[in-house]
Amino acid sequence: SDDGSDARNRPPAKKAAGDVGMVIDHYNSRPEVGVFQRLESPIIGLKNFNNWVKSVLISRFAHPALHQKPQQPSGPGRGHNQQAGKVLDMGCGKGGDLSKWAKAKVRDYIGADIASISIEQARQRWESQRGARFNATFAALDCYTQPLSQAFSLDLLRQPFDVVSMQFCMHYAFETEQKARCMLDNVSRWLRRGGVFIGTIPNAEQLLQNLDDLPPSTEDLTFGNSVYKIRFEDRKHRPVFGHKYWFFLQDAVEDVPEYIVRWDPFVQLASEYNLYPVYKEEFHHVFEEHQEHPEFGPLMVRMKVVDANGESSMDEDQWEAANIYIAFAFEKR
Ligand code: SAM
């Protein structure tokens, strides 16, 4: 097992300026609340739903990859964890998905995030879940400007990942083409062929449609409801990279700069890193597609997305906010 000393012995990262600095400060400053306080969140229904979508993604796309048998017999001395699942959670935050990966029976988990305080909290969460029985290594890293090898030893990276997961964080890389490329290089470089890349990102089509639907005379380019607000700075200027908007989500994200990820240019760029899409759905569709599913239907009740009578725990505004995201899966070929 790795104790994460890689990260601990390095000097703290210097303070980042500009938009990245705002993103780091925001995530670092959010308090780690216990499970009881979380139950009191006014958007607990939406938070449960987002967690359920991530569980579905992990079970449907990452789980098979984790448990695939190796195609080649392993060479001497290299076989000890060939059959086990190895996951990279890029932008892992406070480790909110650790229990999902435990359920997916991961063997090795590597978590990276730019917010060093969040990384410390993720490590503590893993330590308190020792029953989970998987190895975990955590490091603070700007995954969109720095290679993984800067924070993790080559010994740790040499055995390729079966899965790379980026939940609610990839869009920050679309500030520039250079950052998006660095991110994709980190995703693909250490992922095995046949391995999967899963993620959740804002729904660009939905966001741009809402922008187009604003009355032509309005100067304040804001839309949303009681749960979320999005503010664009310009109506016409729509670059592929650096298409910025400001995002507010009740009890979660306070006016942080984010970037539109247009699907087709993303797919085009990903193909340069041998990553090809196998799944892309809006969150509403993920719900509809799986509500009758023998595993994911009952899971929805256990995760309190709906009650035993099938009543949703989200009000209208939360349900609308849910669809500002899409889920995706790519395969490395
Ligand atoms: N993946 C976690 C989850 O689903 O609970 C956290 C999601 S949180 C909305 C977004 C995360 O992206 C934050 O923890 C933030 O620090 C991280 N992030 C933003 N820019 C990053 C970068 N350049 N490198 C690594 N992580 C980054």
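From a predicted model like this one, the values you see are computed outputs, not experimental measurements. (Residues numbered from 1 in each chain as written. Predicted model: local features only at pLDDT ≥ 70, side-chain atom pairs only at ≥ 80, totals over all residues. Heavy atoms only, no water.)

### Remarks on the nonpolar core
One finds Trp52, Trp101, Met170, Met183, Phe197, Phe232 and Phe266 to be the most contacted residues of the largest nonpolar core, which totals 104 residues. Considering each element in turn, this core owes the most residues, 11 residues, to helix 4 (residues 44–66). Sequence-distant contacts of tryptophan 101, that is, excluding residues within four places in its chain, are made with Ile58, Ala62, Leu66, Val87, Asp89, Val106, Tyr109, Val163, Ser165 and Ile198. (Core = buried A, V, L, I, M, F, W, Y, C linked by side-chain atoms within 4.5 Å. Buried < 20%, exposed > 50% of the residue type's maximum accessible area, 1.4 Å probe, protein only. Helix = DSSP H or I, 4+ residues; strand = E, 2+ residues; numbered from the N terminus. Contact = heavy atoms within 4.5 Å.)

### Description of the pairing of strand 8 (residues 244–249)
Two elements, strand 7 (residues 228–232) and strand 8, share five bridges in a ladder whose sense is antiparallel. Directly across from phenylalanine 232, in strand 8, lies its bridge partner tyrosine 245. Bridge count for strand 8 against strand 9 (residues 253–259) is five bridges, and the pairing is antiparallel. Bridged to lysine 244 within strand 9 is tyrosine 259. A loop of three residues connects strand 8 with strand 9, the two strands running antiparallel in sequence, and aspartate 251 in this loop sits at a positive phi of about 60 degrees. (Pairing = 2+ DSSP bridges.)

### Overview of the sheet that holds strand 9
Read across the sheet, four strands follow the order 6-7-8-9 without closing on themselves; strand pairing throughout is antiparallel. Strands at the two margins of the open sheet, each flanked by one partner only, are strand 6 (222–224) and strand 9. Across this sheet, the average inter-strand angle for adjacent strands is 20 degrees, counted without regard to direction. (Axes fitted to C-alpha atoms, helices over the stretch in contact; angles between N-to-C directions.)

### A look at the packing of helix 8 (residues 177–189) against helix 10 (residues 263–271)
Helix 10 packs onto helix 8 with a crossing angle of 50 degrees between their chain directions and a minimal axis gap of 10 Å. Looking at the two axes, helix 8 sits oblique to helix 10. Both helix 8 and helix 10 take part in a crossing whose hand is right-handed. Across the interface between the two elements, Ala180, Arg181 and Leu184 of helix 8 pack against Phe266, Leu269 and Ala270 of helix 10. The class makeup of the residues in the contact of helix 8 with helix 10 is five nonpolar, no polar and one charged. (Parallel < 35°, antiparallel > 145°, perpendicular 65-115°, else oblique. Left-handed = near helix turned anticlockwise from the far one by under 90°. Nonpolar A, V, L, I, M, F, W, Y, C, P; charged D, E, K, R; others polar.)

### Considering the sheet that holds strand 4 (residues 161–167)
Reading across from one edge, 3-2-1-4-5-11-10 is the order of the seven strands in this open sheet, with mixed pairing throughout. Either end of the sheet is taken by a strand with one partner, and the two such strands are strand 3 (135–140) and strand 10 (275–282). Ignoring strand direction, the axes of neighbouring strands in this sheet form an average angle of 15 degrees.

### With respect to the environment of valine 286
As for its placement among the helices and strands, valine 286 is situated in helix 11 (residues 283–290). For the pair valine 286 and leucine 157, spaced 129 residues apart in sequence, the C-alpha separation works out to 33 Å. Residues in contact with valine 286, not counting those within four places in the same chain, are Trp52, Val53, Val56, Tyr279, Glu281 and Ala327.

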